[in-house]
Amino acid sequence: MSFLVVTHWFCHSCEVEGRDPESDPKCWNCGGSVAVTARPTVSVERPRVGANDPHA
């Protein structure tokens, strides 16, 4: 099992929020600095080979 850390952030200028796999994210709306609100770790299971292949 592998893990992915996703950064949750808030932009005070635009009053928008988002999440990003980047450790130092920027606002998707204005490109400015954001306040990081959380960095949760999400477990990611690797798909089995052929699991999503309808021809397998």
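Conventions used here
- Residues numbered from 1 in each chain as written.
- Predicted model: local features only at pLDDT ≥ 70, side-chain atom pairs only at ≥ 80, totals over all residues.
- Heavy atoms only, no water.
- Patch = residues over 30% accessible without salt bridge, like charges linked within 9 Å, V, L, I, M, F, W, Y side chains within 5 Å.
- Areas by Shrake-Rupley, 256 points an atom, 1.4 Å probe, with all protein chains shown as cover.
- Salt bridge = Lys/Arg side-chain N within 4 Å of Asp/Glu carboxyl O.
- Helix = DSSP H or I, 4+ residues; strand = E, 2+ residues; numbered from the N terminus.
- Buried < 20%, exposed > 50% of the residue type's maximum accessible area, 1.4 Å probe, protein only.

Q: With reference to specific residues and values, describe a nonpolar patch on the surface.
A: A surface patch of nonpolar side chains, about 200 Å² in accessible area, is lined by L4, V42 and V44. Mapped onto the elements, L4 comes out in strand β1 (residues 2–5).

Q: Report on the environment of S2, specifying residues and quantitative values.
A: Here S2 is to be found in strand β1. Exposure remark for S2: the relative accessible area of 25% places this residue in the partly exposed category. Remark: the alpha-carbon pair of S2 and V42, spanning 40 residues in sequence, is separated by 8.7 Å.

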